[in-house]
Each structure stands twice: as structure tokens, then as C-alpha cells.
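# Summary of structural features
The residues making up each chain are set out below.
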Amino acid sequence: MHSLRELFEKAGGIEACAKACGISSRALYKWASRNALPRTEYTGETNYAEALAGLVEGLTAVQIREAFTPNQAVA
């Protein structure tokens, strides 16, 4: 998986992901534009990776966090 946009599509789309995470779809569009999960995911304040992993068979929260860290984001 090369981008958060791909992950969102594989998980059922932006709306499904936003609902699973309990946030607005606009927030996910912001993540996608940066190709990174928010800082709060790495400070333990949120668990969005778990919610997304629950939508995509074969992916774990750890894999999602490692793939989309802010410092490894690809434009």
C-alpha cells in the first residue's frame, strides 16, 4: 500500500473510514493530502490505525502506523 488514499479505498471509501474512526471525512482528506496519520496516533492519544485495520483484511494497525508515519510521508 503506497498511499492513504489507496488504504481508504480498500477499506470501503472515505465515508466508511471516517465513520469507523469516529471523525469527519474532511479529517481523512487532510491525512490523505499529507499521506500520514495524525501525530496523535503516535503519541497514544488516538487509535485510528486499529479502526482502519478492522476494515481491511490482512493489514494490522502496526503495519498501518509504520507505513504512514509523518516523517516517512511521500508527496
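Presented here is a report on the structure given in the accompanying data block.

Cut-offs and rules
Residues numbered from 1 in each chain as written. Predicted model: local features only at pLDDT ≥ 70, side-chain atom pairs only at ≥ 80, totals over all residues. Heavy atoms only, no water. Axes fitted to C-alpha atoms, helices over the stretch in contact; angles between N-to-C directions. Helix = DSSP H or I, 4+ residues; strand = E, 2+ residues; numbered from the N terminus. Parallel < 35°, antiparallel > 145°, perpendicular 65-115°, else oblique. Contact = heavy atoms within 4.5 Å. Nonpolar A, V, L, I, M, F, W, Y, C, P; charged D, E, K, R; others polar. Buried < 20%, exposed > 50% of the residue type's maximum accessible area, 1.4 Å probe, protein only. Arc of directions from axis to C-beta. Core = buried A, V, L, I, M, F, W, Y, C linked by side-chain atoms within 4.5 Å.

## Some words on the packing of helix α2 (residues 14-21) against helix α3 (residues 25-34)
Look at α2 against α3: their axes get within 8 Å of each other, and the N-to-C directions meet at 110°. Judged on the interaxial angle alone, α3 and α2 are roughly perpendicular. Every residue of α3 that contacts α2 at Ile 14, Glu 15, Cys 17, Ala 18 and Cys 21 is listed here: Ser 25, Leu 28, Tyr 29 and Trp 31. Of the residues assigned to the contact of α2 with α3, the class counts are seven nonpolar, one polar and one charged.

## A short note on α3
Where α3 is concerned, the buried positions are Leu 28, Trp 31 and Ala 32. An end-on view of α3 places all buried positions within 100° of arc, on one side of the element. Exposed residues pointing more than 90 degrees away from the buried face of α3 are listed as Arg 26 and Ser 33. Contact partners of the buried residues in α3: α1 (4-10), α2 and α4 (48-53). Asn 35, located one to two residues past α3, shows a positive phi value of around 55°.

## Here we look at the nonpolar core
Judged by nonpolar contacts, the single largest core of 20 residues is most densely connected at Phe 8, Trp 31, Leu 37, Leu 52 and Ile 64. At the level of elements, α1, α2, α3, α4 and α5 (61-67) are the ones that each hand at least two residues to this core.

## Section: the environment of Leu 7
Within the secondary structure, Leu 7 sits in helix α1. By relative accessible area, which is 0% here, Leu 7 ends up buried. Distance from Leu 7 to Leu 52, taken between C-alpha atoms, is 8.4 Å for residues 45 residues apart in sequence. When near neighbours in sequence (up to four residues on either side) are disregarded, Leu 7 contacts Met 1, Leu 52, Val 56, Leu 59, Ile 64 and Phe 68.

Function cannot be read off these values alone, since they describe shape.
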